[in-house]
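A structural walkthrough
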Protein chains: 2
Amino acid sequence: MINEQLLNPKSIVVIGGSDDVQKPGGKVLKNLIDGNFKGNLYVANPKMEEVQGVPSYKDLKKLPQTDLAIIAIAAKFCASTIKLLAEEKNTRAFIILSAGFSEENEEGEKLEKEIVEIVNSVGGSLIGPNCVGVLNSNYNGVFTTPIPSLDPKGCDFISGSGATAVFIMESGVPKGLSFSSVYSVGNSAQMGVEEILKYMDESFDPETSSKVKLLYIENIDKPEMLLKHASSLIRKGCKIVAIKSGSSEAGSRAASSHTGALASPDVAVDALLKKAGIVRCKGRDELVTVASIFMHPELKGKNIAVITHAGGPAVMLTDSLSNNGLDVPHIEGPKADALLEKLYGGSSVANPIDFLATGTAQQLGDIIDACENDFDNVDAMAVIFGSPGLFPVYDVYDLLHEKMKQCKKPIYPILPSIVNVKDEIEHFLAKGRINFPDEVVFGDALTKVYNTSKPQAEKIEMPEVDKEAIRKIIDGAENGYLSPEQLHALMDAAGIDRAKEGVADTEDEIAALAKEIGFPLVMKVVGPVHKSDVGGVTLNVKDEETVRSEFRRMMQIKDTYAVMLAQMLKGTEVFIGAKREDKFGHMVLCGLGGIFIEVLKDVKASLAPIAKQEAHEMIQGLKSYGIIKGVRGQEAVNEDKFADAITRVAALMKVAPEIFEMDLNPLLGNKDAVVAVDARIRIEK
Amino acid sequence: MINEQLLNPKSIVVIGGSDDVQKPGGKVLKNLIDGNFKGNLYVANPKMEEVQGVPSYKDLKKLPQTDLAIIAIAAKFCASTIKLLAEEKNTRAFIILSAGFSEENEEGEKLEKEIVEIVNSVGGSLIGPNCVGVLNSNYNGVFTTPIPSLDPKGCDFISGSGATAVFIMESGVPKGLSFSSVYSVGNSAQMGVEEILKYMDESFDPETSSKVKLLYIENIDKPEMLLKHASSLIRKGCKIVAIKSGSSEAGSRAASSHTGALASPDVAVDALLKKAGIVRCKGRDELVTVASIFMHPELKGKNIAVITHAGGPAVMLTDSLSNNGLDVPHIEGPKADALLEKLYGGSSVANPIDFLATGTAQQLGDIIDACENDFDNVDAMAVIFGSPGLFPVYDVYDLLHEKMKQCKKPIYPILPSIVNVKDEIEHFLAKGRINFPDEVVFGDALTKVYNTSKPQAEKIEMPEVDKEAIRKIIDGAENGYLSPEQLHALMDAAGIDRAKEGVADTEDEIAALAKEIGFPLVMKVVGPVHKSDVGGVTLNVKDEETVRSEFRRMMQIKDTYAVMLAQMLKGTEVFIGAKREDKFGHMVLCGLGGIFIEVLKDVKASLAPIAKQEAHEMIQGLKSYGIIKGVRGQEAVNEDKFADAITRVAALMKVAPEIFEMDLNPLLGNKDAVVAVDARIRIEK
């Protein structure tokens, strides 16, 4: 419900604005003034006629019509004020800075609901309460500093925590990160991170919209909305980087006590963000570094030229990149030789391209030109250039800026000398550039970006399952575990291969059943409890004759009233599981069976539905993937069938959300098939 | 060969000092002057009588007696200058800033050797060439900036790269890290990182010496020296943190081309640093963060109180700590209730202790006092306190400083608002404090410190092996693989259990052999190539009678001239390997066999010799350790026997360094024994 009045108000009133700039009401007014807000600015303050040079209304009824109200008065006065503004002043956007609402107690929660109703009733926008405000190139509607440099092509930043928003900006601003908008959503009474992302998706304009989104999230309230719009934005060419804090049990407890919301299981969060194509970060520094990378042209390949005037940082960066999946490829050939000619003796162009402590701006230009035009095995350049403090390096950074404008390949500036050439770096940042002061922090972030999967497709093609049959079984089932018959019928309806089995009590029936299931077979008596002890189990039955003779023998065994036949299968034990995770829907897991789950915890998870390609990525992401491919002459598991079974389990969850958990453990996989030999499904309607 | 003249010179001459402070000779002089060097300062410059106000000698022969010469003239003039200084001016310490030596070409290498000989001949100290110099509280002998704050209790920093030393200081200085000494060793002609560490160890004084050492290493030339003195320093109470760059193949290539030295295998480097008890870092930011942690009182337990006035960073820090082995324990009870009473409504003391955005210095003091005195389950405090920019926070940071002086438990200040309260943070740092601006960078570093093993013991107790027998076998062996007889004899001499086996060609002999080896047994014909095909293999022979009858049967088989008996073993496949790694000595590896090596690369390595405790740590560090402990009713592997075998392999390597590689793969481990069933040893003398 973001509207024009929130984005680009023609008039703003600060309710509770004062001269005390150490208070939110005074400080937000100061920020609005300092930011040269172009529209009409008013204050409502019962004691003042002018505040910080701005006209103040003692009686709210006298206030002119106003688009946006920024509210910094005690919680208990908010509802009536908003009602008056909405009804009489045509105010359609509200930012409530005040605390004392749902985050504090039940009374506050009631107040908050009341306010949302009023705002909704006039189709208005509400940000907060309990937030630091909103910031964009039209107005500085926050009561905090720093105010970052605002630029329509900067990052859009949505934060579930006000203080953290401030601290993230304090990490980004000194490095040159610019912002297009900042939303501190506070209690998310009407709009949370999800709604704002939805708005950004639905209003996306490839020409004018910012392409980089930063999120700080403590609680994912609407996972489906987040997934839908984040992945949509990324498919449209955006990049999204997020912190979702509370990944540990203790952290989750802390986040819950902080937001009052129930914790989301982190494995589901991780699966969601992965599926959306969001780069997940753990901390502010990492978040800002990834965002800074996103502000550069897209990295289109894995080959990085490390250009440096100092050996050490180049080696550390090369380690970081190549230990995590990127390449610092060897550069050689006539064009490399020609470049080397232009550098001082002792330089190296083999990559890292080291043009020595004495290297000049001119030489850096030659190197960048060669990487841009001559070296096909270079997709991007990381330029490391600091200073031991002997002389200024303006010429180098000016050259770098120019080359960054000209080149199509991304150039990442790593300028470590934040003390020695502080002024030169500031001069460089003032041109809109961003600095990566630490090469390893940069390298780790770049590999993280490179290793993040693409978002899910807009439409996920699901395997065909017999929906009608599934619904019939589920609708007829009670809560609890399904019976073997229900289980088998459900698996058959979902198209999940299972070990064939059957029971018969006449010789002809058992012979027919054997033919249907196929050899080899296992035969077991039905009736006796300790089947092996009474000679009631026969393995590896290979022909009808044996089926018949064993049947006759078994039927003589005490208590036996029938004989069970089952496919005798060989293969590697794998497993597929599914579990309902509250608002996240169903999480589907896969891996190898036995110790691989129990000891090595080698499991990959995603959220249903799952496309075939994604199922393959899950399997290929397993640490034990080598075993599935076949190792040391051991037979491989049919990966395609395994992936198919994963997509079928996921599809089953979409048709039968009443399934609380499902375990196929193990399935036996060989080169021909992946077949479930044991299964459990629990229903919770 | 560090001497008093290098550490605390009474007089310094800058050879090649000039007025041009953009050149090393001019800049180092300026730094010496700016640092108020207390002794006599001279310049040698053939064209000047005074340089920057310092007397300059056109003729070196006229120079007074001088302790230390800092040399910034062309490489070719260095040797003769040093000779004159050493012979005529009683100069006993030399820092050569100039480049153009071994790093450039063979001629330079010769010059370098010549200089080392001259310096050694008078028992002098030599730092460099090709370095940025030396810095301590007596003099600023570097040509670079920044000059960090110097304090005998600050860090000692030794760097294998000059530019990297500068960039590391630029990362540390703004956070408040102070230094006791900085050595840039350049080409390490006489002294490298190892020698300086050795000096620090041998001259260590628990009262006056700095306890924190930072190392930046591109090449470990003397691993044994490094291990010996680093672990010795740590046992004396020091903390050492190091970057060894070149961990990746590409990085290692880059480092080699940079230093001209052969790359060290990274797994050996890692094993070495681990054995020494050194915390290994990947980048400058991490290095500086760990060093900053080391500048605080020692963390004595795993329980951290996270104290904050903002929720978000506390949650992220809690995630970082508790996802990596530290605890943020729940705090409750009457004393917690009493503390809560002192805070504003809405605060939480459950840990994170959140005293809200409105929290005061007084409240922070109460919280810290409670953590220090009342909460036994708190070992350290992390205090997060930033500012949204409304009012100054001097009072809070002053209080924090006071509490840090009083408390025994470490208090780590996390002050994220490096923009908003820049002045307050600088004021805090000016008192000698250090800031951790990013809570997750801090958290990750703290867990890394906590998870670093103690250094090896001073004396490693090795298992008893029959040295005489081992030497006899090795001395008698040719290069290449040992014969089965040699192999068995060697394993027996080293006390490594192996599957017992033997060959006999008479029935009585075989019966006696069977008794000796013990049942059950495997019997195999000796002679025929395809033993199974001719019925020449019998498994699980359980008594003498069967041994005799099978022997008689087997001897009838064509080409059979004898029968082999071997222990029939059951157990989990594990492996132990050893490999000579040039200067690092022998690396010993262990793990589970089969797919665990091939697919999961689940291997732990250390360097010989290995103490029993360390072998246990290796085993316990395996991802598959759960399998060794026994899982799902599967029998455990006798960990003590496994560890014993590892120490025996390591001991064997110390007695027989001619062994190039050794593989025990597999050993079969069960609850009683760990026995090698296949082995290979390759000798390379």
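Not measured: the values here are computed from a predicted model. (Residues numbered from 1 in each chain as written. Chains lettered and ligands numbered in written order. Predicted model: local features only at pLDDT ≥ 70, side-chain atom pairs only at ≥ 80, totals over all residues. Heavy atoms only, no water.)

Before going further, it helps to spend a moment on the overall build of chain A. If you tally the helices and strands in chain A, you get 24 helices and 29 strands. Considered along the principal axes of its C-alpha atoms, chain A spans approximately 105 × 75 × 40 Å. Counting across all 685 residues of chain A, residues that qualify as buried make up 58%. Taking the intrachain contacts of chain A between residues at least 6 apart in sequence as the baseline, contacts between residues at least 24 apart amount to 70%. Split by element, the accessible area of chain A, about 27800 Å² in all, is 49% carbon and sulfur. Here chain A contributes 76 positively and 96 negatively charged side chains, and the mean placements of these two sets differ by 2 Å. (Helix = DSSP H or I, 4+ residues; strand = E, 2+ residues; numbered from the N terminus. Buried < 20%, exposed > 50% of the residue type's maximum accessible area, 1.4 Å probe, protein only. Contact = heavy atoms within 4.5 Å. Areas by Shrake-Rupley, 256 points an atom, 1.4 Å probe, with all protein chains shown as cover. Lys, Arg positive; Asp, Glu negative; His and termini not counted. Charge placed at Lys NZ, Arg CZ, Asp CG, Glu CD.)

Before going further, it helps to examine the UniProt feature "domain: ATP-grasp" (unreviewed entry) in chain A. When the UniProt feature table is mapped onto this chain, "domain: ATP-grasp" (unreviewed entry) is found at residues 488-524 of chain A. In residues 488-524 of chain A, the share of helix is 49% and the share of strand is 22%. The end C-alpha atoms are 19 Å apart. (UniProt positions renumbered as here; feature names shortened; annotations may be inferred.)

Turning next to the pattern of salt bridges. In total, this model carries 72 salt bridges over all chains according to the counting rule given. For the salt bridge of Lys222(B) with Glu195(B), the shortest nitrogen-to-oxygen distance reads 2.2 Å. With Lys222(B) in the loop between β12 (212-217) and α7 (223-235) and Glu195(B) in helix α6 (residues 193-202), the pair connects residues that are 27 residues apart, well separated along the chain. For Glu286(B), the salt bridge identified is with Lys448(B), shortest N-O distance 2.7 Å. In this pair, Glu286(B) is assigned in helix α10 (residues 284-294) and Lys448(B) in helix α16 (residues 439-450), connecting sequence segments 162 residues apart. Judged by relative accessible area, Lys448(B) falls into the partly exposed class, the value being 27%. Where salt bridges share partners, they join Glu507(A), Asp508(A), Glu544(A), Arg548(A) and Arg552(A) into one cluster. (Salt bridge = Lys/Arg side-chain N within 4 Å of Asp/Glu carboxyl O.)

What follows covers the sheet that holds strand β10 (residues 150-159) of chain B. Through backbone hydrogen bonds, the strands of a sheet pair up, either in parallel or in antiparallel fashion. Residues and elements named next belong to chain B. The strand order β9-β8-β11-β10-β12-β13-β14 describes an open sheet built from seven strands, whose pairing is mixed. Either end of the sheet is taken by a strand with one partner, and the two such strands are β9 (139-142) and β14 (279-281). Going from strand to strand, the sheet's axes swing by 20° on average, the running direction of each strand aside. Pairing of strand β8 (residues 133-136) with β9 involves four bridges; the strand directions are antiparallel. When the bridges of β9 are listed, Asn 136 appears paired with Tyr 139. (Pairing = 2+ DSSP bridges. Axes fitted to C-alpha atoms, helices over the stretch in contact; angles between N-to-C directions.)

Looking now at the interface of chain A and chain B. If you look at the interface, chain A gives 81 residues, while chain B gives 81 residues. Interface area, chain A with chain B, both sides summed: about 5900 Å², of which 58% is carbon and sulfur. Scanning the region where chain A abuts chain B turns up four salt bridges. Of the charged contacts in the structure, one is a salt bridge between Lys282(B) and Asp444(A), with a shortest N-O distance of 2.9 Å. Our count for the chain A to chain B interface comes out at 34 residue pairs in polar contact (both at pLDDT 80 or more). Elements represented by at least two residues in the side of chain A that touches chain B include exactly α2 (24-34), α5 (162-172), α8 (249-259), α10 (284-294), α11 (311-322), α16 (439-450), α21 (595-598) and α23 (625-629) of chain A. Ranked by the residues each element gives to the side of chain A that touches chain B, the list is headed by α11(A), at eight residues. Class assignment for the residues of the side of chain A that touches chain B results in 36 nonpolar, 29 polar and 16 charged. (Buried area = accessible area lost by both parts, 1.4 Å probe. Polar contact = N/O pair within 3.5 Å; in protein donor to acceptor, adjacent residues only side chain to side chain. Nonpolar A, V, L, I, M, F, W, Y, C, P; charged D, E, K, R; others polar.)

To continue, consider the environment of Val212(A). All names here are of chain A. Structurally, Val 212 can be placed in strand β12 (residues 212-217). Residue classification places Val 212 among the buried positions, given a relative accessible area of 4%. Residues Val 212 and Gln 634 lie 422 residues apart in sequence; the distance between their C-alpha atoms is 47 Å. Non-local contacts of Val 212, meaning those with residues more than four positions away in its chain, are made with Gly 154, Cys 155, Asp 156, Lys 239, Ala 291, Phe 294 and Met 295.

Once that is clear, we can look at the pairing of strand β13 (residues 239-244) of chain B. All names here are of chain B. With five of six residues buried, β13 lies mostly within the body of the structure. Where β12 and β13 come together, six bridges link them in parallel fashion. Paired with Lys 213 across the two strands is Ile 240, which belongs to β13. Two strands pair when backbone bridges link them, and β13 and β14 are joined in this way by three bridges, in the parallel orientation. Bridging across to β14, Ile 243 finds its partner in Cys 281.

Note the cis peptide between Phe519(A) and Pro520(A), where omega equals -10°. Note that Pro520(A) resides in the loop between α19 (507-517) and β21 (521-526). Here Ala608(B) and Pro609(B) are connected by a cis peptide whose omega angle stands at 0°. Position of Pro609(B) among the secondary structure elements: in the loop between β26 (603-607) and α22 (612-620). Even without a glycine there, the phi angle at Asn540(B) is positive, about 60°. By the element assignment, Asn540(B) lies in strand β22 (residues 537-541).

Residues and elements named next belong to chain A. The complete set of buried residues in helix α9 (residues 266-276) reads Ala 268, Val 269, Ala 271, Leu 272, Leu 273, Lys 275 and Ala 276. In the core, the buried residues of α9 are packed alongside α7 (223-235), β13 (239-244), β14 (279-281), β25 (586-592), β26 (603-607) and α22 (612-620). Gly 277, located one to two residues past α9, shows a positive phi value of around 85°.

Looking now at the sheet that holds strand β18 (residues 411-414) of chain B. All names here are of chain B. Read from one edge to the other, the open sheet built from four strands follows the order β16-β15-β17-β18, with strand pairing classed as parallel. A strand with exactly one partner marks an edge of an open sheet, and here the two such strands are β16 (353-354) and β18. Where strand β15 (residues 304-308) lies against β16, two bridges are found, and the strand directions are parallel. Across the sheet, Ile 307 pairs through a bridge with Ile 353, a residue of β16. Running at roughly 165° to β15, helix α11 (residues 311-322) makes contact with β15, β16, β17 (380-384) and β18 of the sheet.

Here we take up the relation of the copies chain A and chain B. Structural alignment of chain A on chain B gives an RMSD of 0.2 Å, achieved by rotating through 180° and translating 0.0 Å along the axis. What the superposition gives is, in effect, a two-fold axis relating one chain to the other. Same-surface contact between copies: 100% of interface residues of chain A are shared with the interface of chain B. (Least-squares fit on C-alpha atoms with pLDDT ≥ 70 in both.)

All names here are of chain B. Following the sequence through the fold, Val 421 ends up in the loop between β18 and α15 (422-429). Using a relative accessible area of 1% as the deciding quantity, one classes Val 421 as buried. As for Val 421 and Val 393, which are separated by 28 residues in sequence, their C-alpha atoms are 7.3 Å apart. Those residues in contact with Val 421, other than ones at most four positions away along the chain, are Ser 387, Val 393 and Tyr 397.

A cluster of basic side chains, namely Lys274(A), Lys604(A), Lys623(A), Lys274(B), Lys604(B) and Lys623(B), defines a positive patch on the protein surface. Within the fold, Lys604(A) resides in strand β26. Looking at Lys604(A), the relative accessible area reads 31%, which means it is partly exposed. (Patch = residues over 30% accessible without salt bridge, like charges linked within 9 Å, V, L, I, M, F, W, Y side chains within 5 Å.)

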